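Listed below are the residues making up each chain.
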Amino acid sequence: MKIHLHFFIEEIMKKILLIAGSVFLLFLGGYYYHVQVGNSLYDMQKDRAAGSHYPVTIRNSDSAGNPAEQVFTEKPRRVVTHELNTFETLICLGQGDTVIGTSINTGGTAWKRMEKMYPEEIKKVKIINRYYPDAETVVAANPDLIIGWKSTFASVLKKPTAWWNERGVRTYVVSTSNHLHDKGRIEDECRYLDDMGQIFDVREKTDRMIREIHDELSRTQKLVKGRASQVVMVVEPEGKAFYNYDNGWVVGDMVEQLGGYMPAGERRIGYEDLISYNPDVLFVVYFNEEQRLQIIEMFRRAEFSSLKSVKNQRVYPIPFDHMYTPAIKTIDGLRMIRDGLYPDLAKKEGEKRRNNTAPGVVKPFAVSAVQFITKKQKSFILSLIGIKLFQ
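Reading guide: rules and limits
- Residues numbered from 1 in each chain as written.
- Predicted model: local features only at pLDDT ≥ 70, side-chain atom pairs only at ≥ 80, totals over all residues.
- Heavy atoms only, no water.
- Helix = DSSP H or I, 4+ residues; strand = E, 2+ residues; numbered from the N terminus.
- Buried < 20%, exposed > 50% of the residue type's maximum accessible area, 1.4 Å probe, protein only.
- Contact = heavy atoms within 4.5 Å.
- Areas by Shrake-Rupley, 256 points an atom, 1.4 Å probe, with all protein chains shown as cover.
- Pairing = 2+ DSSP bridges.
- Axes fitted to C-alpha atoms, helices over the stretch in contact; angles between N-to-C directions.
- pLDDT = per-residue confidence, 0-100.
- Parallel < 35°, antiparallel > 145°, perpendicular 65-115°, else oblique.
- Nonpolar A, V, L, I, M, F, W, Y, C, P; charged D, E, K, R; others polar.
- Left-handed = near helix turned anticlockwise from the far one by under 90°.
- Phe/Tyr/Trp six-rings, centres within 6.5 Å; stacked < 30°, edge-to-face > 60°.
- Expected span 1.5 Å × (residues − 1).

Engineer: Tell me what's going on with the overall build of the chain, and back it up with residues and numbers.
Structural biologist: Of the regular secondary structure elements, the chain holds 16 helices and twelve strands. Across the 391 residues in the chain, those meeting the buried criterion constitute 47%. Relative to all contacts within the chain whose residues are 6 or more apart in sequence, the contacts with residues 24 or more apart total 70%. When the accessible area of the chain is evaluated, it comes to approximately 20,500 Å², of which 56% is carbon and sulfur surface.

Structure, rendered in structure tokens:
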């Protein structure tokens, strides 16, 4: 009996030890699994957090103006830009190292200005293509994104966005370019900035820019509420006529949202038409300093002496890149329009301390009766400083 009891107790102890050992091994294995899986999950979460911004779907348009979507699974690294503001936007956002091609002339004033404004970022641009790159040049650069106007694809590259997309190149068409849509708005420029913020994962920067635009617009609207509407025109000299920017363009939306009225809807107007419309305020578009000086001389001619804007010294040169697809310069364009419509606001805010090429301020040029001289005399004077008069 004692032998059987001893054997029974011995068997029970073996089972207890076996169970305890199994439990220990299970615990040890579970702990190891927990550590390994936990570390793996942590690594996955860390990686996901680092790249959580992507994928991003951007709703844009194709080169024909039809709605189109572009999906970005990562930040573009080989970008070709066409036109100044598409390029400068990326430089301003700290994305110079992504640009492998741009249409900007490196010997021009815009490039020199950017070298001063963004000295470190501009050095990061890898490749500079010729001013009007063709499709073959761009294909050879192997881009993963092309940013440009409607005309970039229709007239310069001569390949529609679909052609590039089929070859794995994503495209972005600036919506306010070349009347891609019927009307360009300030909000379209804000959308452009937001899209760039999403594509390049720099929304903190673009959100700040967008807030600044909205705050400036809202503040000015409150300040001018109740004031009489002014007749405003924005024109670009074109031979013996003008190209007219009406309320279908972004600059037209700026004018209207700040209380101006744009009377002309024609694309081109003659000198007589401008005199007939007789705007209170006239903005004249220029592309470089030489053209700005030409504009000043142009409106000192006797044929424009009857214009209210000339008599009241309210003719304002405005840079093209501040009023056409302005992007990061939308805020500067708004301030230029504001200062032209309401010179008293410019005085109150102390913006007269800036020179007439600085963003956010426009200065009228004085025109008086003694300044109406003959074309021959003006040509002679201008020839002395090396400037050709508009023909």
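Engineer: Any details on the sheet that holds strand β4 (residues 99-102)? Residues and values, ideally.
Structural biologist: As summarised here, the arrangement of the four strands in space is β4-β3-β5-β6, forming an open sheet in which the pairing is parallel. Of all strands in the sheet, those bounded by a partner on one side alone are β4 and β6 (170-173). For this sheet, the mean inter-axis angle between neighbouring strands, taken without regard to orientation, is 15°. Bridge count for strand β3 (residues 79-81) against β4 is three bridges, and the pairing is parallel. The partner of V80 across the bridge, within β4, is G101.

Engineer: Please give an account of the side chain of D321 that cites residues and values.
Structural biologist: Topologically, D321 is positioned in the loop between β12 (315-319) and α14 (330-341). Classification of D321 as buried rests on a relative accessible area of 16%. Discounting chain neighbours no more than four positions away, the residues touching D321 are L84, N85, R113, P326 and K329.

Engineer: Would you mind going over the pairing of strand β5 (residues 145-148) in detail, with residue names and values included?
Structural biologist: The side chains of a regular strand alternate between both faces of the sheet. Taking every second residue as pointing to the same face, both faces of β5 are buried, with L145 and I147 on one and I146 and G148 on the other. The sheet contact formed by β3 and β5 spans three bridges and is parallel. Note on β5: the bridge partner recorded for V79 is L145. For β5 and β6, the ladder comprises four bridges, and the chain directions are parallel. For L145, the partnering residue across the bridge sits in β6 and is R170.

Engineer: Tell me what's going on with the confidence of the model for the chain, and back it up with residues and numbers.
Structural biologist: Overall, the prediction assigns the chain a mean pLDDT of 83, with 75% of residues at 70 or greater. Low pLDDT (under 50) marks residues 31-50, which in the prediction has two contacts with non-local residues, meaning those over four places away or in another chain. Note that pLDDT drops below 50 for residues 355-361; the model gives that stretch 22 contacts with residues more than four away or on any other chain.

Engineer: Tell me about the packing of helix α2 (residues 84-92) against helix α3 (residues 109-117), and name the residues and values.
Structural biologist: Between two packed helices, both the angle of their axes relative to each other and the distance between the axes serve to describe the pair. Contact pair α2 / α3: the axes reach a minimum separation of 12 Å and the direction vectors enclose 10°. Classified by the angle their axes make, α2 and α3 are roughly parallel. Contacts between α2 and α3 involve L84, F87 and E88 on the former and, on the latter, A110, W111, R113, M114 and M117. Across the contact of α2 with α3, the residue classes tally to six nonpolar, no polar and two charged.

Engineer: Describe the packing of helix α10 (residues 250-257) against α14, and please don't skip the residues or the numbers.
Structural biologist: Between α10 and α14, whose axes approach to 10 Å, the crossing angle comes to 50°. By the angle between their axes, α10 is oblique relative to α14. Handedness of the α10/α14 crossing: right-handed. Side by side, α10 and α14 meet where V251, M254 and V255 of the first sit next to T330, G333, L334, I337 and L341 of the second. Class assignment of the residues belonging to the contact of α10 with α14 gives a composition of six nonpolar, two polar and no charged.

Engineer: Report on the packing of aromatic side chains, specifying residues and quantitative values.
Structural biologist: Following the criterion strictly, the structure yields 16 aromatic pairs and no others. Measuring from ring centre to ring centre gives 5.8 Å for Y245 and W249, while their planes differ by 70°; the resulting arrangement is edge-to-face. Comparing Y245 with W249, the two get one shared label, buried. In this structure an aromatic cluster arises from ring pairing among W149, Y243, Y245, W249, F287, F320 and Y324.

Engineer: Got a sec to walk through α14? Specific residues and values, please.
Structural biologist: The end-to-end C-alpha distance of α14 is 17 Å, a good match for the 16 Å that twelve residues give at a rise of 1.5 Å each. Taking burial as the measure, the twelve residues of α14 include twelve buried ones, the bulk of the element. Within α14, burial applies to T330, I331, D332, G333, L334, R335, M336, I337, R338, D339, G340 and L341.

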